[in-house]
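The lines below spell out each chain.
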Amino acid sequence: MSEPRDNAGAIVRADAARVLARVVFDGVSLRSGFDARAARSNDPRDRALLSATLFSASRWWLRFDAVLDQLLERALPAKAREIHCLLVLGFVQIEVMRMPEYAVVAACVDAARLLGQPRHAGLVNAVLRRYLRERVALLASVDQDPATRHAHPRWLIERIGNDWPRDLEAILAANNCEAPLTLRVNRRRSTREALRERLAADGIVAEAPAHIGDGLVLAESTDVSRLPGYAEGHFSVQDGAAQQVADLLDLENGQRILDACAAPGGKAAHILERADVDLTALDSDAGRLPRMRENLQRLGLAASILQGDATRPVTWWDGRPFDRILLDAPCSASGIIRRQPDIKLHRRAADIAPLAAIQARLGDALWPMLAPGGRLLYTTCSLLRAENEAVMARFLDLHADARALPIAERLGRAAGPGRQNLPGNKGMDGFYYAVVEKAH
């Protein structure tokens, strides 16, 4: 039995607090937490509010959690962690989302009761109202610390500042903006102009940027599964930076290609949309393969999908060399924070060195599988030089038969043997590219 609409605001806030608590305190991914909770609602308005609240609260958690510290005489007990999250998302709805102040207060008070914590309803009311009275001084106080001013962990600010000192402020600002919704048109089922016209007929405005040949950028985010053409496989969702990958592979019909870390299959699908190739889509996580199969099936595409560890080819490789290898390596994801703001809450400084070691092992293991004259494309969605140019510089030092190929300036800043797109540049995510060719 559904709850009445007049209580919908409180219900959504209670749901958001539950998900946010799992994201912040249990390390659950924001996307999976949202998907699980949103599946319970049949109302698109509620799902939209839940999504906007969760993503904004995750994006600004480090700032407004510090505000809450100043408003509480003592920390809330662990059993009240959902109230903790409810207060932070209340601040965010007021300050960032610019929602009506006292409507937010009233709905959060009701949400506290829905969370089964009626004893804290008075606290929620008092803290939010005090915030409204003292917000200028509170925000000025947290703004004195770059970590809380920019809502980024200190270690990440230091890393980005060391790697991209002139761009630090712009990168942090871009990370705190909502990413645009970018579609990739499936060339085998539609054209960019045809899809754009079909969207326009439904009142949906889409721009066709010159720098991404298959891309459409929507003026507003929406539930893509409800867009015309989705069920027919006319498009996928993919940021423009990731869409550049297919261009760099220099695809030709008949090539044998390996996508070494393929799930959930976006880049594999783009390759198959571009050329008639023999594609092996490999991923070490068997749990991610069903989604990849579903994505390819919706788009009308076919690949050899394998579960296997790319660093142990003896367990899955048939011994035939590949003409192209895409290594979209596991990384810190520090370039896609605007799209996945929970990265700021989950990633740690200690993660970077082990990730770089994995990236190096992957490159070394894949290189013998590449045919002479073939290309290996190394990509990450990281901003950090330790995961990008340092990994590829080491690779080139160790492999005398590898030669870095030039990459067009439009793909970003020169970064060792590759190029780095910074977050927000041309509206795209942070992304690194390096192309190496194997000697004949």
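Our structure is the block above this text.
Before going into details, it helps to say that this report is about the structure given with it. (Residues numbered from 1 in each chain as written. Predicted model: local features only at pLDDT ≥ 70, side-chain atom pairs only at ≥ 80, totals over all residues. Heavy atoms only, no water.)

Points about the overall build of the protein
Across its full length, the protein carries 17 helices and 13 strands. Against the globule reference of 22 Å for 440 residues, the protein gives a C-alpha radius of gyration of 23 Å, in line with a compact fold. With respect to the three principal axes, the spread of C-alpha positions in the protein is 75 × 45 × 40 Å. For the protein, the proportion of its 440 residues judged to be buried stands at 56%. Within the protein, residue pairs in contact and separated by at least 24 positions form 73% of the contacts whose partners lie at least 6 positions apart. Of the roughly 19,100 Å² of accessible surface on the protein, 50% is carried by carbon and sulfur atoms. Here the protein holds 58 positive side-chain charges and 55 negative ones, and the gap between their average locations is 3 Å. (Helix = DSSP H or I, 4+ residues; strand = E, 2+ residues; numbered from the N terminus. Rg over C-alpha atoms; globule rule 2.2 N^0.38 Å. Buried < 20%, exposed > 50% of the residue type's maximum accessible area, 1.4 Å probe, protein only. Contact = heavy atoms within 4.5 Å. Areas by Shrake-Rupley, 256 points an atom, 1.4 Å probe, with all protein chains shown as cover. Lys, Arg positive; Asp, Glu negative; His and termini not counted. Charge placed at Lys NZ, Arg CZ, Asp CG, Glu CD.)

Describing the pattern of salt bridges
Inspection of the entire model under this criterion finds 32 salt bridges. Note that Arg339 is salt-bridged to Asp429, the shortest N-O span being 3.0 Å. One end of the pair, Arg339, is in the loop between β8 (322–328) and α15 (343–346); the other, Asp429, is in the loop between β12 (418–421) and β13 (431–438), with 90 residues separating them in the sequence. Residue classification places Arg339 among the partly exposed positions, given a relative accessible area of 25%. One salt-bridge network, in which partners are shared between bridges, spans Glu95, Arg98, Glu101 and Arg135. (Salt bridge = Lys/Arg side-chain N within 4 Å of Asp/Glu carboxyl O.)

A short note on the side chain of Ser334
Checked against the element boundaries, Ser334 lands in the loop between β8 and α15. By relative accessible area, which is 2% here, Ser334 ends up buried. Within the structure, Ser334 has its side chain in polar contact with the side chain of Ser382 (distance 3.2 Å). Beyond its immediate stretch of four places on either side in the chain, Ser334 contacts Leu156, Cys381, Ser382, Leu383, Leu384 and Glu387. (Polar contact = N/O pair within 3.5 Å; in protein donor to acceptor, adjacent residues only side chain to side chain.)

Digging into helix α14 (residues 289–299)
Those residues of α14 that sit buried are Leu289, Met292, Leu296, Arg298 and Leu299. If you follow the buried residues of α14, they end up packed against β1 (182–185), β4 (235–237), α13 (266–274), β6 (278–283) and β7 (304–307).

With respect to the sheet that holds strand β2 (residues 206–207)
On the basis of which strands lie adjacent, the open sheet formed by four strands has the order β2-β3-β1-β4 and antiparallel pairing. Each having just a single partner strand, β2 and β4 make up the two edges of the open sheet. Where β1 lies against strand β3 (residues 215–218), three bridges are found, and the strand directions are antiparallel. Looking across to β3, one finds that Leu183 is bridged to Leu216. (Pairing = 2+ DSSP bridges.)

Digging into the state of the cysteines
One pass over the full model with this rule turns up zero disulfides. Here Cys261 is not cross-linked by a disulfide; its sulfur's nearest cysteine counterpart is in Cys331, at 10 Å. A relative accessible area of 18% means that Cys261 is categorised as buried. Of all cysteine sulfurs in the structure, the one in Cys381 sits closest to Cys331, which takes part in no disulfide; the separation is 3.5 Å. (Disulfide = S-S within 2.5 Å.)

Observations regarding the nonpolar core
Residues Ile160, Leu258, Ile325, Leu366, Leu376, Tyr378 and Tyr433 are the most contacted members of the largest nonpolar core, which totals 78 residues. Take this core: its biggest share by element is six residues, from β13. Those residues in contact with Ile325 that sit more than four places away from it in its chain are Leu249, Leu258, Leu366, Met369, Leu370, Arg375, Leu376 and Leu377. Ranked by size, the runner-up nonpolar core spans 54 residues in total, among them Trp61, Leu89, Cys108 and Leu139. (Core = buried A, V, L, I, M, F, W, Y, C linked by side-chain atoms within 4.5 Å.)

Overview of the pairing of β8
With six of seven residues buried, β8 lies mostly within the body of the structure. Looking at chain direction, strand β5 (residues 256–259) and β8 are connected through three bridges and run parallel. Paired with Leu258 across the strands is Ile325, a residue of β8. With six bridges connecting them, β8 and strand β9 (residues 370–380) associate as parallel partners. Bridging from a neighbouring strand, Leu326 pairs with Leu377 of β9.

Focus: the environment of Cys108
Inspection of the secondary structure puts Cys108 in helix α6 (residues 101–114). Separated by 94 residues in sequence, Cys108 and Ala14 place their C-alpha atoms 7.7 Å apart. The residues touching Cys108, leaving out its near neighbours within four places in the chain, are Arg13, Leu86, Gly90, Val124 and Leu128.

Describing the packing of aromatic side chains
If you walk through the whole model with that rule in mind, you get six aromatic pairs. Of note, Arg298 hangs over the ring of Tyr230, and the distance from its end group to the ring centre comes to 4.0 Å. (Phe/Tyr/Trp six-rings, centres within 6.5 Å; stacked < 30°, edge-to-face > 60°. Lys NZ or Arg CZ within 6 Å of the ring centre and 35° of its normal.)

Comments concerning the packing of helix α1 (residues 8–26) against helix α3 (residues 44–59)
It is at 9 Å that the axes of α1 and α3 come closest, and there the two elements cross at 40 degrees. By the angle class used here, α1 and α3 are oblique. Here the hand of the crossing between α1 and α3 comes out right-handed. Residues Ala8, Val12, Arg13, Asp15, Ala16, Val19, Leu20 and Val23 of α1 touch α3, and the partners they reach there are Asp46, Leu49, Leu50, Thr53, Leu54, Ala57 and Ser58. Its residues placed into classes, the contact of α1 with α3 shows 10 nonpolar, two polar and three charged. (Axes fitted to C-alpha atoms, helices over the stretch in contact; angles between N-to-C directions. Parallel < 35°, antiparallel > 145°, perpendicular 65-115°, else oblique. Left-handed = near helix turned anticlockwise from the far one by under 90°. Nonpolar A, V, L, I, M, F, W, Y, C, P; charged D, E, K, R; others polar.)

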